[in-house]
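Listed here are the chains, written in short residue letters.
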Amino acid sequence: MTKLYIKQKVFSIGEKYNVYDEFKNKKFYCEGSIFSWGSKIKMFNKDTNELMFVIRQKIKFSLYKKYKIFDGHDNLLAIVKQKSLFRPKLEIVLNENEQYTCKGDLFSYNFQILDNGLLIGSVSKKILSWGDTYMLDISDNFEPSFFVAIVITIDDCVHRENNG
């Protein structure tokens, strides 16, 4: 299992996250664009190369949200759809034949992401930390940057759900 930590910056304009390994080495960082139409979060590696980006879209004539995760070459990797208004229930779709499921409590950030019942990774929120800190355990056969992009997307969806 790969262990990573996502640390959300407290006093910043827009959303900013740093991602560290268990030895406190910076692996990725993410920034939200505050001046773009809708919401866009970009993910970079430690060498400032863009790896992925997430775009939040409001579904027409609906209160639900939809997120699209793209790689650095504009290839669509996944769509995350909000399926419930009162309690976050998400659908993570890779293509018409493949879908991931979230199991656990998204509000308290203690959940797992599964592929056909097999664990891809788990997320837990570190209590009593300055700013939000999330601990990620990622299966060795899953791409860590893609898992981080999914978790950042879930955080954005739940955060916006709680704060309007």
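Attention here is on the structure that accompanies the text. Treat the numbers as computed from the prediction; the structure is a model and nothing was measured.

Here is what the cut-offs are and how they apply
- Residues numbered from 1 in each chain as written.
- Predicted model: local features only at pLDDT ≥ 70, side-chain atom pairs only at ≥ 80, totals over all residues.
- Heavy atoms only, no water.
- Helix = DSSP H or I, 4+ residues; strand = E, 2+ residues; numbered from the N terminus.
- Buried < 20%, exposed > 50% of the residue type's maximum accessible area, 1.4 Å probe, protein only.
- Contact = heavy atoms within 4.5 Å.
- Areas by Shrake-Rupley, 256 points an atom, 1.4 Å probe, with all protein chains shown as cover.
- Phe/Tyr/Trp six-rings, centres within 6.5 Å; stacked < 30°, edge-to-face > 60°.
- Lys NZ or Arg CZ within 6 Å of the ring centre and 35° of its normal.
- Pairing = 2+ DSSP bridges.
- Salt bridge = Lys/Arg side-chain N within 4 Å of Asp/Glu carboxyl O.
- 1 Å grid on protein atoms, 1.4 Å probe; cavity = no way out; pocket = protein on both sides within 12 Å on 5 of 7 lines; lining within 4 Å.
- Points joined across faces, edges and corners; volume = space filled by probe spheres on them.
- Nonpolar A, V, L, I, M, F, W, Y, C, P; charged D, E, K, R; others polar.

Focus: the overall build of the protein
- Each helix and strand counted, the protein has 1 helix and 12 strands in total.
- Beginning at the N terminus, the succession of helices and strands in the protein can be written as β-β-β-β-β-β-β-β-β-β-β-β-α.
- Considering the protein as a whole, with its 164 residues, one finds that 41% of them fall into the buried category.
- Sequence separation of 24 or more characterises 32% of the internal contacts of the protein that already satisfy a separation of 6 or more.
- Surface accessibility of the protein: about 9600 Å² in total, with carbon and sulfur atoms responsible for 52%.

Some words on the packing of aromatic side chains
- Under the defined criterion, the tally for this structure stands at 5 aromatic pairs.
- Where Tyr29 meets Phe44, the ring centres are 5.0 Å apart and the plane angle is 20 degrees; that geometry is what we call stacked. Separated by 15 residues along the polypeptide, Tyr29 in strand 3 (residues 26-33) and Phe44 in strand 4 (residues 39-45) bring together distant segments of the chain.
- On the accessibility criterion, Tyr29 (17% relative accessible area) is buried.
- When the ring of Phe53 is compared with that of Phe70, the centres are 5.0 Å apart and the planes differ by 15 degrees; the resulting orientation is stacked. One end of the pair, Phe53, is in strand 5 (residues 50-58); the other, Phe70, is in strand 6 (residues 65-71), and 17 residues separate them in sequence.
- Relative accessible area serves as the criterion here: at 7%, Phe53 is assigned to the buried category.
- Across from the ring centre of Phe53, 4.5 Å away, lies the NZ or CZ of Lys40, which sits over that ring.

Quick word on the environment of Phe23
- Position of Phe23 among the secondary structure elements: in the loop between strand 2 (16-21) and strand 3.
- Exposure remark for Phe23: the relative accessible area of 63% places this residue in the exposed category.
- When the C-alpha atoms of Phe23 and Leu4 are compared, they prove to be 9.2 Å apart, with 19 residues separating the residues in sequence.

Considerations on the pairing of strand 12 (residues 133-138)
- Pairing analysis gives 6 bridges linking strand 1 (residues 2-8) to strand 12, with the strands arranged antiparallel. Note that in strand 12 the partner of Leu4 across the bridge is Leu136.
- By the bridge criterion, 5 bridges tie strand 11 (residues 118-125) to strand 12 in an arrangement that is antiparallel. Considered in strand 12, the bridge of Lys125 is made with Tyr134.

Looking at the pattern of salt bridges
- Applying the stated criterion across every chain yields a total of 1 salt bridge.
- A salt bridge links Lys3 to Asp137, with the nearest nitrogen and oxygen atoms 2.9 Å apart. Taken together, the residues span a long stretch of sequence, with Lys3 in strand 1 and Asp137 in strand 12 at a distance of 134 residues.
- Residue Lys3 is classed as partly exposed on the basis of its relative accessible area, which comes to 27%.

Describing empty space enclosed by the protein
- By the definition in use, this model includes 1 cavity of 30 Å³ or more.
- Put simply, the largest cavity is a space of about 40 Å³.
- Lining of the largest cavity is provided by Cys30, Ile41, Lys42, Met43, Met52, Phe53, Val54, Ala149 and Ile152.
- Those elements that provide at least two residues to the lining of the largest cavity are strand 4, strand 5 and helix 1 (144-163).
- A breakdown of the residues in the lining of the largest cavity according to their chemical character gives 8 nonpolar, no polar and 1 charged.

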